[in-house]
Amino acid sequence: MRDLVIRAPDDFHVHFRSGPGLEKFVRRTAALFDRALPMPNTLPPLADAATLRAYAASVRAAAPDLDLVLSFKLLPGMDTETVRSLAGAGARVGKYYPAGATTHSSDGIREPGEIREALAAMEDAGLVLSVHGEDPAAPVLERERAFLPVVRGLLDDYPRLRIVLEHLSTREAAEFVAAGPRRLGATVTAHHLSFTTDDLAGRALNPHLYCKPVLQDAAHRAALRKAAAACERVFFGSDSAPHPRDRKESGSIPPGIYAAPVALPLLAAAFEEEDALDRLEDFASARGASFYGLPPNRSRVRLVRETWTVPDEVDGAVPAAAGSALAWTAERV
Ligand code: NCD
Ligand code: ZN
């Protein structure tokens, strides 16, 4: 098979940032995706209705045809009224960042009791809880596994709350989701399906493959590929997270991979290696919309078997796989 035409994909986890880069990052995603869920760990965070409205307006100005699923950042002590006003401003998702787990999360949550009121309000309003599932107190490669009991507790304590565990990185997390209730979903990135700790640090350290949760070994990647191909509540979120080149090549490198420019080619290669190209559309363009209760996208994207070399810099950031040859390209039909 040469080309593969699929329904235009959704990106249910992407960082557009705020400030001067925003327009380029939004347009990069809108070039191939019909819908996106922009993450709220911007500076300042999306945590009140006015800030969320202004942010949504700037994203829409950059790409009027991109459908948005808006999210806000849960902050300790957030009250019912704030959650309701965020829902009134269009938010469908509240994001839980454990304090210190990742980029721009120092204002995050230390334990779920800090957001009891907000979670109850989200459950009542039918909002989805999106979770960065890592315990920053655990060793770096153990953090996702260490956080699973917290997710278990959230499922138990809020029996009607819909929860998405973001960017799965381990077999245990994939199994946890597969064994969970229908109201538990998960995203997987293209980089966690493509790369391992050895690509990050096995030869020379590649800061452009440094993200949270950190890439794991090939056995975990294999489990993620199986889940992405077969689990009906596992869907695509790129976690495309650009940082300026000078910060990614500094002495204190922030986590985050600029994945948007290579996400679909990486996905096609990973699914092809699994002999699962026929499941790619389901993963990238169907299951997430169905989990979020949204209609499927109408336009189409074509994946073409055509080797190209990923540029060193795109939109002022270094993309994943910069300088490497990829076997697929993607274009709108
Ligand atoms: C993300 C970022 O840079 O905002 N970084 C990352 O490594 N994934 C935040 C996040 O989703 O954890
Ligand atoms: Zn992210």
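Everything in this summary refers to the structure shown in the same document. None of the values given here were measured: they were computed from a predicted structure.

Definitions and limits used
Residues numbered from 1 in each chain as written. Chains lettered and ligands numbered in written order. Predicted model: local features only at pLDDT ≥ 70, side-chain atom pairs only at ≥ 80, totals over all residues. Heavy atoms only, no water. Helix = DSSP H or I, 4+ residues; strand = E, 2+ residues; numbered from the N terminus. Rg over C-alpha atoms; globule rule 2.2 N^0.38 Å. Buried < 20%, exposed > 50% of the residue type's maximum accessible area, 1.4 Å probe, protein only. Contact = heavy atoms within 4.5 Å. Areas by Shrake-Rupley, 256 points an atom, 1.4 Å probe, with all protein chains shown as cover. Lys, Arg positive; Asp, Glu negative; His and termini not counted. Charge placed at Lys NZ, Arg CZ, Asp CG, Glu CD. Near = heavy atom within 4 Å. Polar contact = N/O pair within 3.5 Å; in protein donor to acceptor, adjacent residues only side chain to side chain. Nonpolar A, V, L, I, M, F, W, Y, C, P; charged D, E, K, R; others polar. Pairing = 2+ DSSP bridges. Right-handed = clockwise from strand over helix to strand, strands pointing away. Salt bridge = Lys/Arg side-chain N within 4 Å of Asp/Glu carboxyl O. Axes fitted to C-alpha atoms, helices over the stretch in contact; angles between N-to-C directions.

The next point concerns the overall build of the protein chain. A tally of helices and strands in the protein chain yields 13 helices and 12 strands. Over its C-alpha trace the protein chain gives a radius of gyration of 18 Å, about what one expects of a compact globule, namely 20 Å for 333 residues. Counting only C-alpha atoms, the protein chain reaches 50 × 40 × 40 Å along its principal axes. Residue burial in the protein chain is summarised as follows: out of 333 residues, 57% are buried. Restricting the contact set of the protein chain to residue pairs at least 6 apart, pairs at least 24 apart contribute 71%. Within the structure as shown, the protein chain displays about 13,100 Å² of accessible surface, and the carbon and sulfur contribution to it stands at 49%. The averaged location of the 44 negative side-chain charges in the protein chain is 2 Å from the averaged location of its 39 positive side-chain charges.

Not every one of the 15 residues close to ligand 1 is listed here, only the nearest: R17, N41, T102, K212 and D239. Interatomic distance of 3.4 Å between a side-chain N/O atom of H13 and an oxygen atom of ligand 1. For ligand 1, an oxygen atom lies 3.0 Å from a polar atom in the side chain of H243. Out of a free accessible area of 310 Å², ligand 1 has 100% covered by protein chains. Among the residues making up the shell around ligand 1, the classes are represented as 3 nonpolar, 9 polar and 3 charged.

Burial of the side chains of strand β3 (residues 35-38) extends over both faces: R35 and L37 are buried on one face and A36 and P38 on the other. Taken together, the 3 bridges between strand β2 (residues 10-14) and β3 define a ladder with parallel strand orientation. Looking at the pairing, D10 lines up with R35 of β3. For the crossover from β2 across helix α1 (residues 22-30) to β3, the handedness is right-handed. Bridging between β3 and strand β4 (residues 67-68) involves 2 bridges; their strand directions are parallel. Across the sheet, residue R35 finds its bridge partner in β4, namely D67. Assessed by its sense of winding, the connection that carries the chain from β3 through helix α2 (residues 49-62) to β4 is right-handed.

In this section: the pattern of salt bridges. Applying the stated criterion across every chain, the model contains 23 salt bridges. When the shortest N-O distance is used, the salt bridge between E123 and R160 registers 3.8 Å. You can see E123 sitting in helix α4 (residues 116-125) and its partner R160 sitting in the loop between α5 (143-157) and β8 (162-165), a full 37 residues away along the chain. A salt bridge links E175 to R171; the nearest nitrogen and oxygen atoms lie 3.2 Å apart. One end of the pair is E175 and the other is R171, both in helix α6 (residues 171-179) and 4 residues apart, which spans about a single turn. Its relative accessible area of 44% is what places E175 among the partly exposed residues. A single network of salt bridges, built from pairs that share partners, joins E142, R145, R171, E172 and E175.

For the rest of this paragraph, the subject is the sheet that holds strand β5 (residues 70-73). Here 6 strands make up an open sheet; going across it, the order is β5-β6-β7-β8-β9-β10 and the pairing parallel. Each end of this open sheet is capped by a strand with a single partner; those strands are β5 and β10 (234-236). On average, adjacent strands in this sheet sit at an angle of 30 degrees to one another, irrespective of strand direction. Here 3 bridges tie strand β9 (residues 184-188) to β10, and the two strands are oriented parallel to one another. Bridge pairing in β10 places V188 opposite F236.

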